[in-house]
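Each chain, written out:
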Amino acid sequence: MEKIVIVGAGYAGVLTAKKLERKLKKRELSDTVEITLIDKKPFHTMLTELHEVAAGRVEEDSVKISLKRIFESRDVTLVQDKVSGVDYSGKKVICGERTFDFDYLVIASGSQPAYFGIPGVKENAFTLWSYEDAIKLREHILDMFRKAAVTADEEEKRKLLTFYVIGASLTGVEMAGELAEFAPALCSRFEIDPSLVKIVAVDVLDRICPVLPDKLAEKARRRLERMGVEVALETKVTAVGPDFIECIECVHEEEKNHGSTYTVVWTAGVEGSEVAKNSAGVLGNVERGRIETDEYLRSKSNPDVFIAGDNIYFTPEDEKTPVPQMVENCEHSSGCIAHNIVALICGGKEEMETYRPKFHGIMVCVGGRYGVAHVGTHKRKISLPSFLAMFVKHFINVIYFWQVLGWNKFFSYMCHEFFTVRNRRSFVGGHLSNRAPSFFLVPLRVFLGAYWVYEAIDKISQGWLAGAKMKGYLGSADSLYQSILGNTDAVSSATNAATEASSSAADAASSATAAAASASPPAPAGTLFLHFDFLGFMHVIVVHASDYAIKIQIGLADYFTSHVVLASDSSQITFQAVIVISELLIGLLLIGGLFTTPASVYSLVLQALFVTSTGLYLAQWWMIFAAIAMLFGASRVFSFDYYVMPVLKRRWGNIKFVRKWYLYND
């Protein structure tokens, strides 16, 4: 049994473990290889989203994912413990009193804040590098506003409401932007004059976000300043105390600036984790605890040790700088490492893969409403306007989260970022946010259900369960449209069809036509408003007879109707019974509020069938939009779903394959 140990359950560690397990299972090697993932916490943290929690935009649960859920029903052993060291010669990972043997080791332990020896920073500044950091900072910010609201001394009030963010790279800019958005909402909540709030972003460099092109970096700086953030560049922090910060302007080093504040957020740099730093003597650390690797991401001094994510120090061929410490590097390196370990286990049957990452750009959010992005191919990138930049940022997040936890995390992310967001802190504002109480939709749900029951009863009274009606029903509808399109042979029957349709427009299934046909003068049955032919595959027809009627004619649907539905009287009666029973079932489910979402989906399916066969009059299109409103509205208000769905959801979530493929949402 060969043993693979992965240290760290960050971006790189989680993806490496998942990809390894998948590759081993595909090659039927799962029984001969053991994968162990070690982390001091039982959950994975989305470090790139911590600023959103710290500034109160999303709930804290949105940035953590249970490792147990990630690896549900997968051949990965999870160990919650702190790695205290690695015995490379003995091939053992040491966790306190426990040790874990390995044949291959993956160091994916990530980074930690770097303080550069500045007095007081470690003791007095807030960091933003863990789930706990984000919650601690959020609570501190709220506490500052609470205290300021009851403080009479204006000088003390200003001190409480002064916030310094040190480091104006990606994390610092995002934190300052989020805080600038959070402050007005808190001022309104605690009845504080917004002019008392002061937010300062400090950096020793002469520009913010040095990884961005100059033009985009300048756009981000201007946005911060418009949001009320003071940007102090070429300014070096020399000390941080419990209630002050001391800085020096680089061009006037003799002048020290003393700022009174209780809040200093430190985002000025990172260094390798303790595990990586402690491996310096064996693996040869360089540049703040990163480990130098060969082209296969193996330690140069130990070929059985692979380095992933932020711990990598490697310069790809034809590149001038080492790979950046960013999520995309974690994703690319995890795939390369998984492939190479499997290749070694297979004994040379597969070639090892050289690490040639293709990075697709940088995206920075300045608050929840504005962003800048420089994205594209590896060799050619473009700058995006704010809306597209934010869209791409969320799209990339969704792709990553889908890899980690599938549908579950996708649904959670959409809720946190769009459907439950408050104070319009989203790039689409508050337009998607759920604000109206859903019980207002209950009357619409009951009315829509009652209408479907009426339709079913009406068809039963017309003899739909006793004899074949479908041929005349569909034929009359077709005659109406063909006559208006210019088929004079169909004019007579179409005129009668339009007449009867007018008298029964309340029938959602037969409102477009009627089943009767009688003699009438051969005159136009109506007016053609639109006839769009999509490559002969689909026709969209809009006519006016007694009302506006819309039909979407699809060749495949017509073929099915003529060769299956109308094949015989018995088949017609069968499909008639299906329609009647479906309408009755949908109606009763909606009235009772049982399985409301599936019933709404089925309602839309029936409406789609009607619009592609007989067409629908405008008077019945309200049923389509009502069904859309019912998809996720009023399903658990005064309904059986209130009692039934929690039980079914719990039982569904406990099924093995459901948890393995994340086909549930919390």
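The rules behind the values
Residues numbered from 1 in each chain as written. Predicted model: local features only at pLDDT ≥ 70, side-chain atom pairs only at ≥ 80, totals over all residues. Heavy atoms only, no water. Salt bridge = Lys/Arg side-chain N within 4 Å of Asp/Glu carboxyl O. Buried < 20%, exposed > 50% of the residue type's maximum accessible area, 1.4 Å probe, protein only. Helix = DSSP H or I, 4+ residues; strand = E, 2+ residues; numbered from the N terminus. Axes fitted to C-alpha atoms, helices over the stretch in contact; angles between N-to-C directions. Left-handed = near helix turned anticlockwise from the far one by under 90°. Contact = heavy atoms within 4.5 Å. Pairing = 2+ DSSP bridges.

Caption draft 1: Geometry of the pattern of salt bridges. Enumeration according to the criterion identifies 32 salt bridges in this entry. One salt bridge in this structure joins Glu-52 and Arg-57, with 3.2 Å as the shortest N-O distance. Residue Glu-52 shares its accessibility class with Arg-57, and that shared class is buried. Between Asp-304 and Lys-91 there is a salt bridge, and its shortest N-O distance comes to 2.7 Å. Placement of the pair is Asp-304 in strand E23 (residues 302-307) and Lys-91 in the loop between strand E6 (85-87) and strand E7 (92-95), with a sequence separation of 213 residues. By sharing partners, the salt bridges in this structure join Glu-49, Glu-52, Arg-57, Glu-178, Glu-181, Arg-369, Lys-393, Glu-417 and Arg-425 into a single network.

Caption draft 2: Representation of the packing of helix H5 (residues 131-149) against helix H7 (residues 170-190) within the structure. Taken N-terminus to C-terminus, the directions of H5 and H7 make an angle of 35 degrees; their axes are 11 Å apart at the nearest point. Where H5 crosses over H7, the two elements pack in a sense that is right-handed. Side by side, H5 and H7 meet where Leu-137, Ile-141, Leu-142, Phe-145, Arg-146 and Ala-149 of the first sit next to Met-175, Leu-179, Phe-182, Ala-183, Leu-186, Cys-187, Arg-189 and Phe-190 of the second.

Caption draft 3: Focus on the sheet that holds strand E2 (residues 33-39). Spatial strand order, E5-E2-E1-E9-E23-E22: six strands in an open sheet with mixed pairing. With partners counted over all chains shown, the strands left at the sheet margins are strand E5 (76-80) and strand E22 (298-299), one partner each.

Caption draft 4: The arrangement of the pairing of strand E8 (residues 98-101) in detail. Judged from the four bridges that link them, E7 and E8 form a sheet pairing that is antiparallel. Across the sheet, the residue bridging to Lys-92 is Asp-101, located in E8.

These figures come from the coordinates and say nothing about function on their own.
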